[in-house]
Amino acid sequence: MTPPPEPVGVGADAHYRALESLYAAAPINQLFDSRLEIPAAGQAQIRFSIDSRHFHAGGASHGTIYFKMLDDAAFYAANSLVTDRFLLTTAFNLLFTRPLGPGDVVAEGRWISGQRRVFVAEARLIDASGEEVARGTGTFMKSRIPLAGLPGYRPGA
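This is a predicted model, so every value here is computed, not measured.

Draft legend 1. Seen up close, the pattern of salt bridges. Per the stated rule, a full pass over the model turns up eleven salt bridges. Put simply, Lys68 and Asp72 hold a salt bridge, and the shortest N to O gap is 2.2 Å. Here Asp72 and Lys68 lie together in helix α2 (residues 63-79), a separation of four residues that amounts to about one turn. Exposure remark for Asp72: the relative accessible area of 13% places this residue in the buried category. Between Arg110 and Glu122 there is a salt bridge; the shortest N-O distance is 2.3 Å.

Below is the structure:
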């Protein structure tokens with residue numbers, strides 16, 4: 001497998017911290033007890049907690065939780081490689097393997113391919129017992145939206 005390219009422009013660590021700040025500043029993320037970590041190029045982890053507020057009528061997490069966390073983890077893994085533009089999700093495929101109950105969960109994202117305009121990344125959800133409960137693969141495209149102009153994106157802060 002080809003290693004991910006290193007981000008060009010601002011320092012890699014400054015870019016990762018700025019993306020983490022961007023995630024925290026997004027209004028949607030105020031609805032979730034979650035935290036993004038980008039340990040290296042092409043990798044992202046989101047740690048979050050599930051409780052009964054996230055359940056459907058059958059007593060397990062609604063699919064929106066699966067999608068949001070898988071999409072975010074894959075997205076940030078891909079955007080860790082791009083320092084000038086915000087990426088947009090153009091497609092995302094999900095595979096649900098187990099119901100997700102209450103507790104701590106980790107979404108692990110990983111870049112697969114793409115280095116210019118379109119990126120492919122995957123993610124998986126790991127529940128508190130260490131079991132994989134879902135996985136997904138997405139494609140992400142560079143937008144015209146500069147990262148530097150987005151609230152929360154502050155490299156070097």
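Draft legend 2. Expanded view of the side chain of Ser61. Summarising the element assignment, Ser61 is placed in the loop between β2 (43-50) and α2. For Ser61, a relative accessible area of 4% puts it in the buried group. Excluding its chain neighbours within four sequence positions, the residues that come into contact with Ser61 are Ile50, His54, Phe55, His56, Tyr66, Leu100 and Gly101.

Draft legend 3. Fine view of the packing of helix α1 (residues 12-25) against α2. Between α1 and α2, the shortest axis-to-axis distance is 11 Å and the interhelical angle comes to 150°. With respect to α2, the element α1 is oriented roughly antiparallel. Relative to α2, the crossing made by α1 is right-handed. Packed against α1, whose contacting residues are His15, Leu19, Leu22 and Tyr23, the element α2 presents Lys68, Met69, Asp72, Tyr76 and Asn79 at the interface. Its residues assigned to classes, the contact of α1 with α2 comprises five nonpolar, two polar and two charged.

Draft legend 4. Here's a closer look at the pairing of strand β4 (residues 103-113). As judged from the eight bridges shared by β2 and β4, these two strands associate in the antiparallel manner. Pairing of Arg47 across the sheet is with Val106, part of β4. Pairing of β4 with strand β5 (residues 118-126) involves seven bridges; the strand directions are antiparallel. Its bridge partner lying in β5, Ala107 is registered against Leu125. Linking β4 back to β5 in an antiparallel pair, the connection comprises four residues, with Gly114 at a positive phi of about 100°.

Draft legend 5. Examining α1 more closely. Counted at 1.5 Å a residue, the expected span for α1 with its 14 residues is 20 Å, and the 20 Å between its end C-alpha atoms agrees. Every buried residue belonging to α1 is among His15, Tyr16, Ala18, Leu19, Glu20, Ser21, Leu22 and Tyr23, and all of these are buried.

Draft legend 6. The environment of Ala14, seen in detail. Looking at the secondary structure, you find Ala14 in helix α1. Its relative accessible area of 24% is what places Ala14 among the partly exposed residues. Expressed as a C-alpha distance, the spacing of Ala14 and Arg154, which sit 140 residues apart in the sequence, is 8.3 Å.

Draft legend 7. The arrangement of the nonpolar core in detail. Judged by nonpolar contacts, the single largest core of 40 residues is most densely connected at Ile46, Phe48, Met69, Tyr76, Leu125 and Phe140. Sorting the residues of this core by element identifies α1, β2, α2, β3 (85-96), β4, β5 and β6 (132-146) as the ones contributing at least two each. Among the elements that take part in this core, α2 stands out by supplying ten residues, more than any other. In this structure Met69 touches Tyr23, Phe32, Ser34, Ile46, Phe48, Ala107 and Leu125, once residues within four positions along its chain are discounted.

Basis of the calculations
Residues numbered from 1 in each chain as written. Predicted model: local features only at pLDDT ≥ 70, side-chain atom pairs only at ≥ 80, totals over all residues. Heavy atoms only, no water. Salt bridge = Lys/Arg side-chain N within 4 Å of Asp/Glu carboxyl O. Helix = DSSP H or I, 4+ residues; strand = E, 2+ residues; numbered from the N terminus. Buried < 20%, exposed > 50% of the residue type's maximum accessible area, 1.4 Å probe, protein only. Contact = heavy atoms within 4.5 Å. Axes fitted to C-alpha atoms, helices over the stretch in contact; angles between N-to-C directions. Parallel < 35°, antiparallel > 145°, perpendicular 65-115°, else oblique. Left-handed = near helix turned anticlockwise from the far one by under 90°. Nonpolar A, V, L, I, M, F, W, Y, C, P; charged D, E, K, R; others polar. Pairing = 2+ DSSP bridges. Expected span 1.5 Å × (residues − 1). Core = buried A, V, L, I, M, F, W, Y, C linked by side-chain atoms within 4.5 Å.

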